[in-house]
Each structure stands twice: as structure tokens, then as C-alpha cells.
Amino acid sequence: KNFQRFVNGARRMCLPEPSYELFMRSLQLVLRNNMHLLPPAPEVKTGLGEDGEVTIAEIEGGSKLYVRPMLMGSGQQLGLHPSPQISLL
């Protein structure tokens, strides 16, 4: 869903659409290289429901992480033209 929203934005801005593989690899690379800056993950406690199924009882602590990839057009033209190149930031 996030990738599709990113592609839709690229289309609206007349920018080349990055592939799904490039999008995911870039996110993985950014997260891996900045792991020391990431907030701690929440602690997930599980339990058994009345029917014997494993359920998530509660989630405690931790923080949420918001990652916002950005697509920027680049090239040597000046003016309002579709950009022939992109940078995925």
C-alpha cells in the first residue's frame, strides 16, 4: 500500500517510477545503516485465549518509527519539465 502511494505520487509529479525492488532495498539500506538511531521495539506479550489459540495480550513500551521516503527530480534542464532522472532519498 505504501509503495503504491509512492508510485502514484511519482506519476502525479511526472517523475519516473522506482521499481518495487529499488523502493524496498532503499528502505532496508537506510534502516540497516541507521539502526543505532532507531527507537526500541515494543515488547509483545502473548497469551492463550479461551479456545487455546495464541493471542497477543498486550504491547508495552517501545516507540513507533515513521519513515518517509522522498523522490526528487534532478537533471540539467531549467523550467517546468518532467525530470529525466530521480533521486530516491
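Everything numeric here is computed off the predicted structure, so don't read it as measured data.

> Tell me about the overall build of the protein, residues and numbers included.
A tally of regular secondary structure across the protein gives 2 helices and 4 strands. Along the chain direction, N to C, the helices and strands of the protein fall in the order α-α-β-β-β-β. Its C-alpha radius of gyration of 20 Å places the protein more than 25% over the 12 Å reference for a compact globule of 89 residues. C-alpha atoms of the protein, sized along the principal axes, occupy 65 × 30 × 20 Å. A buried classification covers 13% of the 89 residues belonging to the protein. A separation of at least 24 residues holds for 31% of the contacts in the protein among residues at least 6 apart in sequence. When the accessible surface of the protein is summed, it comes to about 7500 Å², and 56% of that surface belongs to carbon and sulfur atoms. Charge-centre separation for the protein: the mean point of 9 positive side chains lies 18 Å from the mean point of 8 negative side chains.

> Summarise the nonpolar core; cite the residues concerned and give the values.
In this structure, F3, F6, V7, A10, L15, F23 and L71 together form the largest nonpolar core, which totals 7 residues. Top element by residues in this core is helix 1 (residues 2-12). It accounts for 4 residues. Apart from residues lying up to four places away in sequence, F23 is in contact with N2, F3, F6, P69 and L88.

> Give a description of the pattern of salt bridges that names residues and reports values.
Per the stated rule, a full pass over the model turns up 1 salt bridge. The residue R11 makes a salt bridge to E17 at a minimum N-O spacing of 2.6 Å. By relative accessible area, R11 is classed as partly exposed at 46%.

> Residue-level account of the layout of surface pockets, with values.
The computed volume of the largest pocket comes to approximately 430 Å³. Every residue lining the largest pocket is counted, 16 residues in all, and those nearest its centre are N2, R5, F6, R68 and P69. Taken together, the elements giving at least two residues each to the lining of the largest pocket come down to helix 1 and helix 2 (20-33). By residue number, the principal contributor to the lining of the largest pocket is helix 1, which donates 6 residues. Here the lining of the largest pocket is composed, by residue class, of 11 nonpolar, 2 polar and 3 charged.

> How would you sum up the side chain of S26? Please name residues and give values.
Within the secondary structure, S26 is located in helix 2. Looking at S26, the relative accessible area reads 19%, which means it is buried. Among the polar contacts listed, one links the side chain of S26 to the backbone oxygen of F23, at a separation of 2.7 Å.

> Report on unusual backbone geometry, specifying residues and quantitative values.
In this structure, C14 takes a positive phi of about 60° despite not being glycine. Overall, C14 belongs to the partly exposed group, its relative accessible area being 46%.

Rules used in this analysis
Residues numbered from 1 in each chain as written. Predicted model: local features only at pLDDT ≥ 70, side-chain atom pairs only at ≥ 80, totals over all residues. Heavy atoms only, no water. Helix = DSSP H or I, 4+ residues; strand = E, 2+ residues; numbered from the N terminus. Rg over C-alpha atoms; globule rule 2.2 N^0.38 Å. Buried < 20%, exposed > 50% of the residue type's maximum accessible area, 1.4 Å probe, protein only. Contact = heavy atoms within 4.5 Å. Areas by Shrake-Rupley, 256 points an atom, 1.4 Å probe, with all protein chains shown as cover. Lys, Arg positive; Asp, Glu negative; His and termini not counted. Charge placed at Lys NZ, Arg CZ, Asp CG, Glu CD. Core = buried A, V, L, I, M, F, W, Y, C linked by side-chain atoms within 4.5 Å. Salt bridge = Lys/Arg side-chain N within 4 Å of Asp/Glu carboxyl O. 1 Å grid on protein atoms, 1.4 Å probe; cavity = no way out; pocket = protein on both sides within 12 Å on 5 of 7 lines; lining within 4 Å. Points joined across faces, edges and corners; volume = space filled by probe spheres on them. Nonpolar A, V, L, I, M, F, W, Y, C, P; charged D, E, K, R; others polar. Polar contact = N/O pair within 3.5 Å; in protein donor to acceptor, adjacent residues only side chain to side chain.

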